[in-house]
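# Fold and geometry: a report
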Amino acid sequence: MPRRSKILDLPPDVKAELDRRLITGGFCDYEGLSAWLQEQGYDISRSGVHRYGQGFEGRLASIRIATEQARAVSEAVGDSEGHMNNALITLVQEKAFDVLVNLQTEDPQAFAKIFPKLGVMVAKLSKASVDQKKWMAESRRKALEDAADAAEKTAKQEGVSPATIEKIRRDVLMMAG
């Protein structure tokens, strides 16, 4: 198992500045970044910064791809039925699973810290998914009730018998399931 990166132990402000420098520098000049870290009082080799930079660049690329995929889904199907939300929930669940698997093998201590938080996140995502499905079902039921009301009004105006109107209404509302 590879050693834990020293970069993960940097103070948050130093790590954030390193991340910013990696991005703005196009993930190059690892020697310069190592020298900058040494100026800050942290002894991290060029190869250590390089390994971290490659992983960080890969994570950014994954986020970029996921964002583009979500945008494509949204543009292709719209979001009137919550497809975007479903796709987002699924993506977050997959990424959370990946984080858990990787942390469990690479950093058991970090895994122990983050596991309860990810559990809460998964529970909230599951609730959001259930709530969305309820909302979609309620929206569909309301739309069918509106359609049944409109059909009833038109049928009455056209002189259709009350028994036939009731059958039409029942048939429309049966579509709600």
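Summarised in this report is the structure supplied together with it. (Residues numbered from 1 in each chain as written. Predicted model: local features only at pLDDT ≥ 70, side-chain atom pairs only at ≥ 80, totals over all residues. Heavy atoms only, no water.)

Take the packing of aromatic side chains next. In total, this model carries 2 aromatic pairs according to the counting rule given. For the pair Tyr52 and Phe56, a centre-to-centre distance of 5.9 Å together with 10° between the ring planes defines the contact as stacked. Here Tyr52 pairs with Phe56, and both are found in helix α3 (residues 46-77), just 4 residues apart, close to one helical turn. Residues Tyr52 and Phe56 agree in their burial class; the two are buried. An aromatic cluster of at least three residues, connected via ring pairs, comprises Phe27, Tyr52 and Phe56. (Phe/Tyr/Trp six-rings, centres within 6.5 Å; stacked < 30°, edge-to-face > 60°. Helix = DSSP H or I, 4+ residues; strand = E, 2+ residues; numbered from the N terminus. Buried < 20%, exposed > 50% of the residue type's maximum accessible area, 1.4 Å probe, protein only.)

Within helix α2 (residues 30-39), the full set of buried residues consists of Tyr30, Leu33, Ser34, Trp36 and Leu37. The arc that holds the buried residues of α2, viewed along the axis, is 160°, so those residues lie on one side. Residues of α2 that are exposed and point over 90 degrees away from its buried face: Glu31 and Glu39. A positive backbone phi angle near 100° is found at Gly41, which sits one or two residues after α2. (Arc of directions from axis to C-beta.)

As a packed pair, helix α1 (residues 12-24) and α2 sit with axes 11 Å apart at the nearest point and diverge in direction by 160°. Classified by the angle their axes make, α1 and α2 are roughly antiparallel. For α1 against α2, the interelement crossing comes out right-handed. Residue-level inspection shows Val14, Glu17, Leu18, Arg21 and Leu22 of α1 in contact with α2, the latter providing Tyr30, Leu33, Trp36 and Leu37. Taken together, the residues of the contact of α1 with α2 break down into 7 nonpolar, no polar and 2 charged. (Axes fitted to C-alpha atoms, helices over the stretch in contact; angles between N-to-C directions. Parallel < 35°, antiparallel > 145°, perpendicular 65-115°, else oblique. Left-handed = near helix turned anticlockwise from the far one by under 90°. Contact = heavy atoms within 4.5 Å. Nonpolar A, V, L, I, M, F, W, Y, C, P; charged D, E, K, R; others polar.)

With that out of the way, let us pick up the nonpolar core. Judged by nonpolar contacts, the single largest core of 14 residues is most densely connected at Ile7, Leu10, Leu18, Leu22, Leu37 and Val49. The greatest single-element share of this core, amounting to 4 residues, is contributed by α2. Sequence-distant contacts of Leu22, defined by excluding residues within four places in its chain, comprise Phe27, Tyr30, Leu33, Tyr52, Gly53 and Phe56. One finds Ala96, Leu103, Phe111 and Leu118 within the second-largest nonpolar core, a separate group that totals 5 residues. (Core = buried A, V, L, I, M, F, W, Y, C linked by side-chain atoms within 4.5 Å.)

A few words on the side chain of Asp19. Positionally, Asp19 belongs in helix α1. Apart from residues lying up to four places away in sequence, Asp19 is in contact with Tyr52 and Phe56.

Along the polypeptide, Arg170 turns up in helix α6 (residues 162-174). Along the primary structure Arg170 and Pro116 are separated by 54 residues, whereas in three dimensions their C-alpha atoms are 49 Å apart.

As a further point, take the pattern of salt bridges. The tally for this structure, following the rule as stated, stands at 11 salt bridges. We note a salt bridge from Arg141 to Glu145, for which the minimum N-O separation is 2.1 Å. Taken together, the positions of Arg141 and Glu145, both in helix α5 (residues 108-157) and 4 residues apart, correspond to about one turn of that helix. A salt bridge links Asp146 to Lys142, with the nearest nitrogen and oxygen atoms 2.9 Å apart. One end of the pair is Asp146 and the other is Lys142, both in helix α5 and 4 residues apart, which spans about a single turn. (Salt bridge = Lys/Arg side-chain N within 4 Å of Asp/Glu carboxyl O.)

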